[in-house]
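# Commentary on secondary and tertiary structure
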Amino acid sequence: MKINKSNRVQNILGIDYPIVQAPMNWITNAEMVAAVSNAGGLGILGFNAGPDAKDDNVPLSQKIRNEIREIQSLTDKPFGINLYSPPEGTEVDNVFVRTTLNVAFEEGVKIIVAVGEVNRNIFREIKERNGVIIFRELNPTVSSAKIAEENGVDIIVATGYDEGGHIPQRAIGTFSIVPTIVDAVKIPVLATGGINEVRGVRAAFALGAEGVFVGTRFIVSEECPASDEAKQDIILSKAEDLLMVSSLQRSTPHKSAREFADMYKNGISSDDVEAEITKRGGIRTGMLDGKVEEGIVSVNTAIDSIKEIKSVEGIVKDLMADFLEK
Ligand SMILES: Cc1cc2nc3c(=O)[nH]c(=O)nc-3n(C[C@H](O)[C@H](O)[C@H](O)COP(=O)(O)O)c2cc1C
């Protein structure tokens, strides 16, 4: 397959390689984001990032501002920030959304990864403030991809059921959703869900994507603030043993994860199981603190190909092998 070495994703985002590091709650920080951008991809600051994240006395705006400034001290390359895109009508009340947007623009961060639902008010505001929108619908559909395109979204992410984190509830796999969204819109599409190695990148491009959006593989990097226990756990775990702990998440199999999976299998609603997961700390406990038996370790279904901790730069080079100057 012929790979186009310069594409719209690179041009829109101003990056060397068409790879975007997916935002991940609790386990991104300035060092990781800057490392991805310095390696030629696009780093994205996730929710609850950095050393202040756990400190309830630090206001949210200050936490975000500090981390953005730290990234800016480590790179002069573009990077982005994760924004929750709530259902239309609810955004006015959402302090979290307002704070993230205002601080991002005050600090000169223009690339916004809006994740959630189509929200025309939020899209309009970002465009009015000269921002770039990467939109990832949690449960992607053709109709909302078209609405997103009509309302200023620059790049859209097609998320497959294979992904780590909160998984799409329609259970459409990456191989299915990517061409569906590619055919539905004219804007460039990033493929996500289970892309941990160059073969996944090639498959994504073969399906019509113009870039990849990668989460799980970047967890097992030197720069990711996830604990070493969680990184080793991902290396040692097998896809065939992963557990659905609710309809929303899968985890590597450990004590709490087994309990959650049993609750879910025995008919306790996904919402109720999720409430229990949150109570016990979820990915913060399992991945940031490394108590894998107590929290959960949320990953994609392609973990069998993750065999070692590498530098972020090494991961970008591996995945972007076809784009490197020969
Ligand atoms: C541990 C973990 C936490 C995540 N947290 C978030 C989040 O806070 N916000 C978000 O938009 N997506 C989140 N995601 C989803 C990722 O942004 C991305 O969609 C996913 O990781 C891509 O699939 P992959 O893991 O197969 O590469 C998370 C994913 C993981 C694995």
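One can find the structure itself at the top, above this paragraph.
On a predicted model such as this, the values are computed, not experimentally measured, just so you know.

Our focus in this paragraph is empty space enclosed by the protein. As enumerated under the stated definition, the model contains one cavity of 30 Å³ or more in all. Roughly 40 Å³ of internal volume is contained in the largest cavity. Forming the walls of the largest cavity are F135, E137, P140, T141, A145, I156, V157 and I181. Going through the elements one at a time, β5 (132–137) and β6 (155–159) are the ones with two or more residues in the lining of the largest cavity. When the residues that make up the lining of the largest cavity are grouped by side-chain class, the tally is six nonpolar, one polar and one charged.

Between helix α3 (residues 60–74) and helix α4 (residues 95–106), the shortest axis-to-axis distance is 9 Å and the interhelical angle comes to 35°. Judged by the sense of rotation from one axis to the other, the crossing of α3 with α4 is right-handed. Along the contact surface, α3 presents L60, S61, I64, R65 and I68, while α4 presents F96, T99, T100, V103, A104 and E106.

One non-glycine residue, W26, lies in the positive phi region at around 75°. Here W26 is to be found in the loop between β1 (19–21) and α2 (30–38).

So, on to the layout of surface pockets. What the largest pocket holds in volume is close to 1,000 Å³. Among the elements of the structure, β3 (79–85), β4 (111–116), β8 (211–214), α9 (216–219), α12 (270–279) and α13 (282–288) are those that each provide at least two residues to the lining of the largest pocket. When residues in the lining of the largest pocket are grouped by element, the largest group, four residues, is from α13. Counted by class, the lining of the largest pocket contains 19 nonpolar, 19 polar and five charged residues. When residues of the lining of the largest pocket are sorted by domain, at least three fall in each of domain 1 (8–223 + 307–323) and domain 2 (243–298).

Here is what the cut-offs are and how they apply
- Residues numbered from 1 in each chain as written.
- Predicted model: local features only at pLDDT ≥ 70, side-chain atom pairs only at ≥ 80, totals over all residues.
- Heavy atoms only, no water.
- 1 Å grid on protein atoms, 1.4 Å probe; cavity = no way out; pocket = protein on both sides within 12 Å on 5 of 7 lines; lining within 4 Å.
- Points joined across faces, edges and corners; volume = space filled by probe spheres on them.
- Helix = DSSP H or I, 4+ residues; strand = E, 2+ residues; numbered from the N terminus.
- Nonpolar A, V, L, I, M, F, W, Y, C, P; charged D, E, K, R; others polar.
- Axes fitted to C-alpha atoms, helices over the stretch in contact; angles between N-to-C directions.
- Left-handed = near helix turned anticlockwise from the far one by under 90°.
- Contact = heavy atoms within 4.5 Å.
- Domains from an automatic or database assignment.

Remember, this is a structural readout, not a statement about activity or role.
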